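A closer look at the structure
Residues per chain, in single letters:
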Amino acid sequence: MISIENLSYEVGTARILQDVTVTLPKGGMTALIGPNGAGKSTLLSHVARLLPIQTGKISVDDLEVGNCDSSALARRLAILPQQVHFATRLTVRDMVAFGRYPHSQGRLRSEDHNKVAEALEAFGLTPLQNRFLDTLSGGQRHKAHVAMTYAQDTDYLLLDEPLNNLDISAARALMALLRDLADNSGKTIVIVVHDINFAAQYADHLVVMKQGQIACEGKPVDLVTKALLTDVFDTDAHVALIEGKPFVMP
Amino acid sequence: MRTKAIWISAALLLVCAVLFMTLETRGSWEFVLWFRGRKLVALLLVGAAISTSTLLFQTIARNNLLTPSIMGFDALYTLILTLSVFFLGSVGFNQLPPEVVFLVTVVVLIAAALALFGTLLGQHRADLMRMVLTGIIFGVLFRSLTAFGVRMIDPNEFVTIQVKSYARFNYIDVNLLWMSLVLSVAAMAWCWHLRRRLDVLALGFDIATSLGEAVSKRQTQILILIALLVAVSTALVGPVAFLGLLVVSLARLVAPNERHATLIPLAALIAGIVLVGGQTLLERVFDLATPLSVVVDFVGGFVFLVLLLRKART
Ligand SMILES: Nc1ncnc2c1ncn2[C@@H]1O[C@H](COP(=O)(O)OP(=O)(O)OP(=O)(O)O)[C@@H](O)[C@H]1O
Ligand SMILES: [Mg+2]
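First, a word on what this report is: a plain description of the structure on this page. (Residues numbered from 1 in each chain as written. Chains lettered and ligands numbered in written order. Predicted model: local features only at pLDDT ≥ 70, side-chain atom pairs only at ≥ 80, totals over all residues. Heavy atoms only, no water.)

1. Topic: the sheet that holds strand β3 (residues 28-33) of chain A
Residue and element names in this part refer to chain A.
- In spatial order, the strands read β6-β7-β8-β3-β9-β10; together these 6 strands make up an open sheet with mixed pairing. A strand with exactly one partner marks an edge of an open sheet, and here the two such strands are β6 (77-80) and β10 (213-218). Ignoring strand direction, the axes of neighbouring strands in this sheet form an average angle of 15°.
- With 5 bridges joining them, strand β7 (residues 156-160) and strand β8 (residues 188-192) adopt parallel strand pairing. In the strand pairing of β8, L157 is matched with I189.
- The sheet strands contacting helix α1 (residues 40-47) are β3, β6, β7, β8 and β9 (205-210), and the helix crosses β7 at an angle near 150°.
- Here helix α6 (residues 138-151) sits on the sheet and contacts β6 and β7; the angle it forms with β6, its principal contact strand, is near 170°. (Pairing = 2+ DSSP bridges. Helix = DSSP H or I, 4+ residues; strand = E, 2+ residues; numbered from the N terminus. Axes fitted to C-alpha atoms, helices over the stretch in contact; angles between N-to-C directions. Contact = heavy atoms within 4.5 Å.)

Written as structure tokens, this is what we have:
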């Protein structure tokens, strides 16, 4: 369980997060949605200790973010940030192998090699494993990065817009994989997605953010309505029900 | 594969070292071995210190263009020396044991480097151009302050500083050799110990943090190591502007991967080849027409320009 209490974050005079209190349940998949600039990435960055906590408190099970050992947290929780830049020349395999660093401190054991191979296979990267990242397409590079997060093999996985750059088949395969991790490996998945249909289709729980605050949370079928789209997203879209799941007409 | 580049450069370095020790020897062997041996040790030490500090700096700044000397580290070292001559007078300064001067300068340099560059690196999203500009401004500032200090100093005292503010490979301050040797071997052993962490730090703040590295703490440690290594090389041969950039870029070019376990030894070996080989050529073959530092800075400066232009194009 990730519990966030009274988290506020300011840059200069801008209040980016305002007294956010929310609990992300353990197990299953939680989707974080909200308009651009709502503070979703900022919230995830705080949970993953990429931003210093100004006021408030975050804990992941028994670990208090900011006060616990950073490498203990790295074995518990992994994050895929929204944007990453690479300065070094790395092969896909080296990159994915870095996911094992919290467990092996850089000295890969056979179980680490197995996990790396498994991650490469899961994302269809095995044929590309010896290619340098800067020779890949945007989507392939993105997959390598998701594979690294996957190889970290933590109880909690935070993914900030993992569907970026992915084609429809890769996007569906990734969501199915995450669903499988949640259902069969007991992992907790927290994902930021812009496509509400993906969120409604795959997630168990939705958390909606607006202007640095939690607007509402609940089951997709209760939450995704015409009213939500007007109030939170300020757009007038039609919502249909298809096979019992809400579907926003584009 | 990884060892191939290292073995080849080690062999080349060995050839250079043998030539350096044996070409045109006159007089007693014992004297030559002692005299040139010390110089050889100093050159190898300087090469390793410069290449390692450059590599470390590029890793924590996440940029293959910046080096401690471009960021004004060695200018800061000369400035500290100038100020001490200014305040103590050259008589007072020269009366101090060189080891004491060296150690005090090292401590001051570390403190100043942490204060100046620590904050710069702390803003882990700082962009390249700001880093370069800040570095250049720092460098110019330290050099002008040094020049100003020098003007305020009596011409006789000026000599004391002049010797220390230009790169010189033929005249090496061997007084400090043993102390430098101990300090830099310790510093480099520490770097070697950190090599896997350095690989992770090179991935940037976000990824390194999410993999469990305490990035800011580690950057501070590494900054201390850099200051120490810069102090050692500057104390021995004076400031060398572009050697670090030259040898680290060469190492990246020939290395099969960018792991620090490969780059640290490879860059140190290449630096050794450039310094020992270059010194042999200039001193024994061309009879010291041009100082090595001029050649190194010329070639290194050229490499800097090429890299900068290439970066600007992409
Ligand atoms: N360093 C910063 N300085 C000033 N404002 C910032 C900074 N970082 C983020 N913000 C602001 O904070 C707000 C929230 O940003 P955040 O990246 O969390 O949004 P988001 O919900 O992830 O949006 P998106 O869907 O576009 O990714 C935005 O208005 C953004 O402009
Ligand atoms: Mg975002």
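2. Concerning the side chain of A:R100
All names here are of chain A.
- Relative to the helices and strands, R100 resides in the loop between α3 (92-98) and α4 (101-104).
- Assessed through its relative accessible area of 6%, R100 is described here as buried.
- Residues contacting R100, with those up to four places away along its chain left out, are Q105, L108, D112, K115, V116, A151, Q152 and D153. (Buried < 20%, exposed > 50% of the residue type's maximum accessible area, 1.4 Å probe, protein only.)

3. Thoughts on empty space enclosed by the protein
Residues and elements named next belong to chain B.
- Taken as a whole, this structure holds 4 cavities of 30 Å³ or more when the rule is applied.
- Counted as a void, the largest cavity has a volume near 120 Å³.
- Those elements that place two or more of their residues in the lining of the largest cavity are α2 (29-61) and α10 (215-237).
- Tallied by class, the residues present in the lining of the largest cavity amount to 6 nonpolar, 8 polar and 1 charged. (1 Å grid on protein atoms, 1.4 Å probe; cavity = no way out; pocket = protein on both sides within 12 Å on 5 of 7 lines; lining within 4 Å. Points joined across faces, edges and corners; volume = space filled by probe spheres on them. Nonpolar A, V, L, I, M, F, W, Y, C, P; charged D, E, K, R; others polar.)

4. Digging into the environment of A:D160
All names here are of chain A.
- Along the chain, D160 turns up in strand β7.
- Taking the C-alpha atoms as reference points, D160 and L44, separated by 116 residues in sequence, lie 7.7 Å from one another.
- Non-local contacts of D160, meaning those with residues more than four positions away in its chain, are made with S41, L44, L80, P81, Q82 and V192.
- Here the side chain of D160 touches S41 through a polar contact of 2.6 Å, side chain to side chain. (Polar contact = N/O pair within 3.5 Å; in protein donor to acceptor, adjacent residues only side chain to side chain.)

5. Points about the side chain of B:R36
Residues and elements named next belong to chain B.
- Tracing the backbone shows R36 in helix α2.
- Owing to a relative accessible area of 12%, R36 belongs among the buried residues under this scheme.
- Each residue touching R36, except ones within four places of it in the same chain, is listed here: F20, M21, T22, L23, E24, T25, F31 and R284.

6. Points about the coordination of the magnesium ion (ligand 2)
Residues and elements named next belong to chain A.
- Binding of the magnesium ion (ligand 2) to the protein goes through S41 (OG) and Q82 (OE1), at separations of 1.9 to 2.1 Å. With S41 in helix α1 and Q82 in the loop between β6 and α3, this pair connects stretches of sequence that are 41 residues apart.
- On the basis of relative accessible area, Q82 is assigned to the partly exposed category, the value being 38%. (Donors = N, O, S within 2.8 Å, 3.2 Å for Na, K, Ca; no water.)

7. Description of the site of ligand 1
Residue and element names in this part refer to chain A.
- Close to ligand 1 lie 13 residues, the nearest being G37, G39, K40, S41 and T42.
- A distance of 2.6 Å separates an oxygen atom of ligand 1 from a polar atom in the side chain of S41.
- Here an oxygen atom of ligand 1 and a side-chain polar atom of T42 are 2.4 Å apart.
- Summarising the interface, the protein chains cover 57% of the accessible area of ligand 1, which totals 640 Å² for the free molecule.
- Per-element accounting of the shell around ligand 1 gives the leading share, 3 residues, to α1.
- Within the shell around ligand 1, the residues separate by chemical class into 4 nonpolar, 7 polar and 2 charged. (Near = heavy atom within 4 Å. Areas by Shrake-Rupley, 256 points an atom, 1.4 Å probe, with all protein chains shown as cover.)

8. Considering the packing of helix α11 (residues 243-254) of chain B against helix α12 (residues 260-285) of chain B
Residue and element names in this part refer to chain B.
- The interhelical angle for the contact between α11 and α12, taken along N-to-C directions, is 125°, at an axis separation of 9 Å. By the criterion of interaxial angle, the relationship of α11 to α12 is oblique. The handedness of the crossing between α11 and α12 is right-handed. Residues L243, V247, V248, L250, A251, R252 and V254 of α11 touch α12, and the partners they reach there are L263, L266, A267, I270, A271, V274 and L275.
- Split into classes, the residues belonging to the contact of α11 with α12 amount to 13 nonpolar, no polar and 1 charged. (Parallel < 35°, antiparallel > 145°, perpendicular 65-115°, else oblique. Left-handed = near helix turned anticlockwise from the far one by under 90°.)

9. Remarks on the pairing of strand β12 (residues 245-248) of chain A
Residues and elements named next belong to chain A.
- The two faces of β12 differ: P246 and V248 on one face are buried, but K245 and F247 on the other face are not.
- Inspection of the sheet shows strand β11 (residues 239-242) paired to β12 by 4 bridges, in the antiparallel sense. By the bridge assignment, L241 is partnered in β12 with P246.
- Connecting β11 to the antiparallel partner β12 that follows it, the hairpin turn spans 2 residues, and E243 within it adopts a positive phi of roughly 50°.

10. With respect to the interface of chain A and chain B
- In this assembly, 28 residues from chain A lie in contact with 19 residues from chain B.
- A salt bridge links B:R259 to A:D94; its shortest N-O distance comes to 3.0 Å.
- Here chain A is connected to chain B by 4 residue pairs in polar contact (both at pLDDT 80 or more).
- Of all elements in the fold, only α2 (70-74), β6, α3, α4 and α6 of chain A reach the threshold of two or more residues within the side of chain A that touches chain B.
- The element that contributes the greatest number of residues to the side of chain A that touches chain B is α2(A), accounting for 3 residues.
- Taken together, the residues of the side of chain A that touches chain B sort by class into 15 nonpolar, 9 polar and 4 charged. (Salt bridge = Lys/Arg side-chain N within 4 Å of Asp/Glu carboxyl O.)

These figures capture arrangement, not role.
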